[in-house]
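Chain residues, written in single-letter form:
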Amino acid sequence: MTDSKYFTTTKKGEIFELKAELNSDKKEKKKEAVKKVIASMTVGKDVSALFPDVVNCMQTDNLELKKLVYLYLMNYAKSQPDMAIMAVNTFVKDCEDPNPLIRALAVRTMGCIRVDKITEYLWEPLRKCLKDEDPYVRKTAAVCVAKLHDINAQLVEDQGFLDTLKDLISDSNPMVVANAVAALSEIAESHPSSNLLDLNPQSINKLLTALNECTEWGQIFILDCLANYMPKDDREAQSICERVTPRLSHANSAVVLSAVKVLMKFMEMLSKDLDYYGTLLKKLAPPLVTLLSAEPELQYVALRNINLIVQKRPEILKHEMKVFFVKYNDPIYVKLEKLDIMIRLASQANIAQVLAELKEYATEVDVDFVRKAVRAIGRCAIKVEQSAERCVSTLLDLIQTKVNYVVQEAIVVIKDIFRKYPNKYESVIATLCENLDSLDEPEARAAMIWIVGEYAERIDNADELLESFLEGFHDESTQVQLQLLTAIVKLFLKKPTETQELVQQVLSLATQDSDNPDLRDRGYIYWRLLSTDPVAAKEVVLAEKPLISEETDLIEPTLLDELICYIGTLASVYHKPPSAFVEGGRGVVHKSLPPRTASSESAESPETAPTGAPPGEQPDVIPAQGDLLGDLLNLDLGPPVSGPPLATSSVQMGAVDLLGGGLDSLIGGTNFVAPPTAAVPANLGAPIGSGLSDLFDLTSGVGTLSGSYVAPKAVWLPAMKAKGLEISGTFTRQVGSISMDLQLTNKALQVMTDFAIQFNRNSFGLAPAAPLQVHAPLSPNQTVEISLPLSTVGSVMKMEPLNNLQVAVKNNIDVFYFSTLYPLHILFVEDGKMDRQMFLATWKDIPNENEAQFQIRDCPLNAEAASSKLQSSNIFTVAKRNVEGQDMLYQSLKLTNGIWVLAELRIQPGNPSCTDLELSLKCRAPEVSQHVYQAYETILKN
């Protein structure tokens, strides 16, 4: 009889019977009783009252009974911690049992009992098991360290378990290696700043050796670990790729995707001229195609990952178009994903095949799928110019079918084709106009109205067509109303004599009879334009439109690079970085692809970096510096990354090396990057509600509370330029943290909400380190003061002047732009004091042409007062001497990007008639000197 019998009894008084059976002398009876207890526990009955009786059954040699008792213990130890301590002795004894299965079972169970009192008894047995002779025990103990770290991280570190885990990476047994890697990865994820998996070529070699022999899940752990490694050159990258490639033929799809992730990442470092690069591209296609023969759920995951791969390297699957053709029995989510990939792979070579397939799909019964298929035909026309004519004739054939939803989608798509190829396919307008009456969806009606307005001069009865829409103006959706208003104004500007009545009618409907503010505002603008300056109206309304781009739905390149590093995880299915959906952001590390080698960039790759960009820099989708509007409109107003500044950002900043060397040559090594000491407050992950003291980490900051000079607030954005929002502000530096102190005043008549802020790229990488927190709506005539913490790990671009900062602030009304100059002394870091020998050597090393002389007029300070004032703003006096009655102060300061500035300040003591100070500055980046002088003057005079 099966074990199902244990789940059927529900009689009263059962607990007493079980108690008696558990204390029976007969082993079989005991075992039966424990099985009944586990069955009751499984179906949700409370059997915690039997805890002491079940624990007594632990003293047995029977492995099955021991497993059952341990299962019970894991479940109830948390609710009965005092009772659970009774079991500790048995655990310790079992950890020394001659049977390795029992030793492993004991250590596994101890790791699962999350009770602090038991944890302290666990470390001694765990230490023995980590060095056990049996690999099964060692691999179980490795996982137990990760569990223990989750309960009490400090204990694990103090007892040296992390070092033992690192040693297990060199274990002779592949499964032990895999579990050690899994445990270290788990611990490293919860502590991103710790460098636990300190991988080097030797340890990588051991991992690759273990890769061939461990189980499939072990292989996944090792591959994921390899993906986090940065090879030192392209030869090492190629060697790793060669040893990982056999995993592509594994039966487990998770292993395949993990291998693809490693290869996609390391391919960045390979030159495209290498024969091996071409071979690797060919090898990547078959495993990805094989994944599509799995069940639909796995297919969907594979397709979402393939979508990313195709955007990054379309050449991998360019010959595999047929596998993405839709099957009749595919679920809708698989069909839509395949359709998307087909468009991405469409090219001049295969467009005929793709169009024939899409035309077939447009006659399917699934309405959603048909709509997508029609849209796809339009996307093909926009992407492959040579196919546009073929696509338009395909769309016309579909319009002739007179299927309502097909006709409507086709019209929406043809509007986009007109935008891409103006004055090319207007002959089809007559066919479109025949279907005017059948349009009932807002998007299709709006598209048709746009076409009529845009080509009004070619349509004889354009006024009649638009008038027919005007009859039910107030029943239309906003989208259609706005389009109709613009189309009739276009028609009036093209045929003013015939359509005067029509334009007056629409302007009256839009302004006097409408409650929609968008429609009313547009109506008034057109009305004023037409009544005051028809020529200007013509230039505005009939201006040449920019062509639409071929791929509007591509993922932004830097995000795509990050998602490639997460292939095979949830992030690759959502197409979002983990920080967007992992709550709290704990353990979320931003990853990026390795920098491309110079030879691996090629004109054919759409992802190559822009000309002149440093090799380590990612391609940028933001326009050039002059285009502030373009830069700032693309506001990414999500929450900022919490936690310490990322290594990649600081390295990238170092690679840009905006203003030159710093003290690199003296400190030794050309790749020295000074850490941005004041980048982000230490505990920025703290909840915002915990107050400014937490945000600025006043308890554990660098040095003492610095009294750096703070300029009074100035108006940065007047209310008249920002629809009633006035912004004043200043910059401060306190305890190594920079902040922008803002004062927002609402001088409008409506409430303001949904505030957000973004900076344009700037000379020193200043960026908001937290969202702009305005906790309550800002009522009319109300003022709110906010301190916005800033980091210096943002994108870098040299500005003119150097300290210029361009800012965008968004609220529920609009996005507003302004620029301001920040004082350079907010970037002077706390560890800017140089020792005397270094100062002397550096002063001599910097060429004389880099020295700049300045005068600070009317500054009656003695040497002590000047030195004290300057030190409070992180300008440090290295030495002082008196030469011919003049006090000479030799000073040093360091900027957040690692640039050092050396100064000599001459003061005439005790001479009231001479209050001018002489300042000499030396720096490897002479552009900085003028701004440092301004900082001196500001600090000394205030």
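Residues numbered from 1 in each chain as written. Predicted model: local features only at pLDDT ≥ 70, side-chain atom pairs only at ≥ 80, totals over all residues. Heavy atoms only, no water.

Where an unreviewed UniProt entry is consulted, the chain appears under the name AP complex subunit beta, with the organism given as Pan troglodytes. If you open the UniProt record of the chain and go to Sequence similarities (unreviewed entry), you find "Belongs to the adaptor complexes large subunit family." Listed under Subcellular location (unreviewed entry) in UniProt, the entry text for the chain is "Endomembrane system". (UniProt positions renumbered as here; feature names shortened; annotations may be inferred.)

K.L.:
So what about the overall build of the chain? Which residues, and what values?
P.N.:
When its secondary structure is counted, the chain shows 39 helices and 13 strands. Burial analysis of the chain (942 residues in total) assigns 51% to the buried set. Excluding contacts between residues fewer than 6 apart, the proportion of contacts in the chain whose partners are at least 24 apart in sequence is 67%. Just so you have it, the chain exposes about 43200 Å², and 51% of that area is on carbon and sulfur atoms. (Helix = DSSP H or I, 4+ residues; strand = E, 2+ residues; numbered from the N terminus. Buried < 20%, exposed > 50% of the residue type's maximum accessible area, 1.4 Å probe, protein only. Contact = heavy atoms within 4.5 Å. Areas by Shrake-Rupley, 256 points an atom, 1.4 Å probe, with all protein chains shown as cover.)

K.L.:
Can you break down the pattern of salt bridges residue by residue, with the values?
P.N.:
A side chain with one charge can pair with a side chain of the opposite charge if their charged atoms come near. Evaluated as defined, the whole model comprises 32 salt bridges. Measuring nitrogen to oxygen at the nearest pair gives 3.0 Å for the salt bridge that ties E409 to R371. Of this pair, E409 sits in helix α23 (residues 404–420) while R371 is found in helix α21 (residues 367–383), placing the two residues 38 residues apart along the sequence. Residue R371 is classed as buried on the basis of its relative accessible area, which comes to 19%. E937 is the salt-bridge partner of K941, the closest N and O atoms lying 3.5 Å from each other. Of this pair, K941 and E937 both sit in helix α39 (residues 929–941), separated by four residues, roughly a single helical turn. Classification of K941 by relative accessible area gives partly exposed; the value is 40%. Judged by its relative accessible area of 22%, E937 falls in the partly exposed class. Counted as one network, the salt bridges with shared partners bring together R371, R375, E409, E441 and E443. (Salt bridge = Lys/Arg side-chain N within 4 Å of Asp/Glu carboxyl O.)

K.L.:
Before we move on, could you go through the packing of α23 against helix α25 (residues 442–454) and cite the residues and values that matter?
P.N.:
The packing of two helices is summarised by the inter-axis angle and the distance between the axes. Following both chains from N to C, one finds α23 and α25 inclined at 40 degrees, their axes separated by 8 Å at the closest point. Overall, the two elements α23 and α25 adopt an arrangement that is oblique. Of the two possible hands of crossing, α23 and α25 adopt the one that is left-handed. For the pair α23 and α25, the contacting residues are Q408, I411, V412, K415, F418 and R419 in the first and E443, A444, A447, M448, W450 and I451 in the second. Class assignment of the residues belonging to the contact of α23 with α25 gives a composition of eight nonpolar, one polar and three charged. (Axes fitted to C-alpha atoms, helices over the stretch in contact; angles between N-to-C directions. Parallel < 35°, antiparallel > 145°, perpendicular 65-115°, else oblique. Left-handed = near helix turned anticlockwise from the far one by under 90°. Nonpolar A, V, L, I, M, F, W, Y, C, P; charged D, E, K, R; others polar.)

K.L.:
I'd love a proper account of the sheet that holds strand β8 (residues 815–821), names of residues and values included.
P.N.:
Taken in spatial order, the three strands line up as β4-β7-β8 in an open sheet, and their pairing is antiparallel. Where the open sheet ends on each side, the last strands, each with one partner, are β4 (756–759) and β8. Geometrically, the sheet is characterised by an average inter-axis angle of 25 degrees between neighbouring strands, direction not taken into account. Bridge analysis of β4 against strand β7 (residues 804–810) gives four bridges, and the strand direction is antiparallel. Looking across to β7, one finds that I757 is bridged to V809. (Pairing = 2+ DSSP bridges.)

K.L.:
Kindly report on the packing of aromatic side chains, identifying the contributing residues and their values.
P.N.:
The description of an aromatic ring pair uses the distance of the two centres, along with the angle that the planes make with each other. What the rule picks out here adds up to 11 aromatic pairs. Taking 5.5 Å as the distance between ring centres and 90 degrees as the angle between the ring planes, the aromatic pair formed by Y300 and Y333 counts as edge-to-face. Here Y333 lies in helix α19 (residues 332–345) and Y300 lies in helix α18 (residues 296–312), a separation of 33 residues in the sequence. We classify Y300 as partly exposed; its relative accessible area is 24%. For Y333, a relative accessible area of 34% corresponds to the partly exposed category. Both rings, one in F839 and one in W843, keep their centres 5.9 Å apart while their planes meet at 20 degrees; by these two values the pair is stacked. (Phe/Tyr/Trp six-rings, centres within 6.5 Å; stacked < 30°, edge-to-face > 60°.)

K.L.:
Pulling in residues and values, what's your account of the nonpolar core?
P.N.:
General note: in soluble globular proteins, nonpolar side chains tend to be found buried as a group. Among the nonpolar cores identified, the biggest contains 210 residues, and Y72, V244, L358 and F418 are the most heavily contacted of them. Those residues in contact with V244 that lie beyond four places of it in its chain are L208, L211, L223, L226, A259, V262 and L263. (Core = buried A, V, L, I, M, F, W, Y, C linked by side-chain atoms within 4.5 Å.)

K.L.:
How would you sum up a negative patch on the surface? Please name residues and give values.
P.N.:
Taken together, the side chains of E464, E467, E471 and E501 make up a negatively charged region of the molecular surface. Among the secondary structure elements, E467 is positioned in helix α26 (residues 462–470). Under the relative-accessibility criterion, E467 is labelled partly exposed at 39%. (Patch = residues over 30% accessible without salt bridge, like charges linked within 9 Å, V, L, I, M, F, W, Y side chains within 5 Å. Lys, Arg positive; Asp, Glu negative; His and termini not counted. Charge placed at Lys NZ, Arg CZ, Asp CG, Glu CD.)

K.L.:
Please give an account of the sheet that holds strand β5 (residues 767–768) that cites residues and values.
P.N.:
With respect to topology, five strands assemble into an open sheet ordered β1-β2-β3-β6-β5, the strand pairing being antiparallel. Among the strands making up the open sheet, the edge pair consists of β1 (714–717) and β5. Relative to strand β3 (residues 737–746), strand β2 (residues 725–734) runs antiparallel, the two being bridged by 10 bridges. Bridge pairing in β3 links T732 to S739.

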